[in-house]
Amino acid sequence: TNKRLRILNAELKTSNKKQKEMQIELKKINKELLATEKAKDNFVMTITGESTRSASEAKVFTEMLLKTKALGSLNTGQYGVVKTVHDNLEKLELLVNDILDVYKLDKGRLKLSKVDVDIASILEETLSEEKLLINISENNIEVKQEITVTGTVSCDPGRIQQTLSNLIRNAIEFVPSDGSGRITLRVEMQEDAEIGR
């Protein structure tokens, strides 16, 4: 019995030693993970901040060239080039904002404010965005609405409008701009097969 107790005691000491070693290793790994997470946070914030600032500054200059004659008139070719740069800067801004939203969502920092909003008004407000209207007009695209359900929906209207606006902008990229292109926004009741409503 004494021999067994000595063996068990030795095994217990070995086990305790291993547990302490594992705890030290886990603390080390945890510290490294926290450092990596902090570095990632700093990287995301630096990149998105710098990208937003640079794109905004460059966009101001392209808007000056497109909307005023302060720096002289542009010929058709020059106007087309500056317009392409301006449009791509706007896309970059949207992309950076989307990256920030995903980052905030991942961190649990994305705040949503739910309110009851009229379904038709969400579409109307989205389609009344000046930049979106210009984009639709310049690409000679018809936007059609098919609303088969009325009433209100509980949501964050700003986020819904942002999503709809992004979807429409993406659709514009793939729709012919020869006058035959059409984007249809359809709102209908979706029946949930699992709960039968």
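A short tour of the structure in this document, coming up. Computed from a prediction, not measured in an experiment: that's the story for all the values here.

Rules and cut-offs
- Residues numbered from 1 in each chain as written.
- Predicted model: local features only at pLDDT ≥ 70, side-chain atom pairs only at ≥ 80, totals over all residues.
- Heavy atoms only, no water.
- Helix = DSSP H or I, 4+ residues; strand = E, 2+ residues; numbered from the N terminus.
- Contact = heavy atoms within 4.5 Å.
- Salt bridge = Lys/Arg side-chain N within 4 Å of Asp/Glu carboxyl O.
- Buried < 20%, exposed > 50% of the residue type's maximum accessible area, 1.4 Å probe, protein only.

Along the polypeptide, Ile141 turns up in the loop between α4 (130-138) and β2 (142-147). Once the C-alpha coordinates of Ile141 and Lys13 are considered, the two residues, 128 residues apart in sequence, prove to be 77 Å apart. If near-sequence neighbours (up to four positions away) are discounted, Ile141 is found in contact with Ile136, Ile172, Val175, Pro176, Gly181, Arg182 and Ile183.

What the rule picks out here adds up to 14 salt bridges. Taking the shortest distance from any N to any O, the salt bridge between Glu57 and Arg53 comes out at 3.2 Å. Placement of both Glu57 and Arg53 in helix α1 (residues 2-67) is noted, with a separation of four residues, approximately one turn of the helix. A relative accessible area of 41% places Glu57 in the partly exposed class. Taking the relative accessible area as the measure of exposure, Arg53 reaches 40% and is therefore partly exposed. The shortest N-O distance in the salt bridge between Lys131 and Glu90 comes to 3.7 Å. Pair noted here: Lys131 is in helix α4 and Glu90 is in helix α2 (residues 76-107), with a separation of 41 residues, a long-range link.

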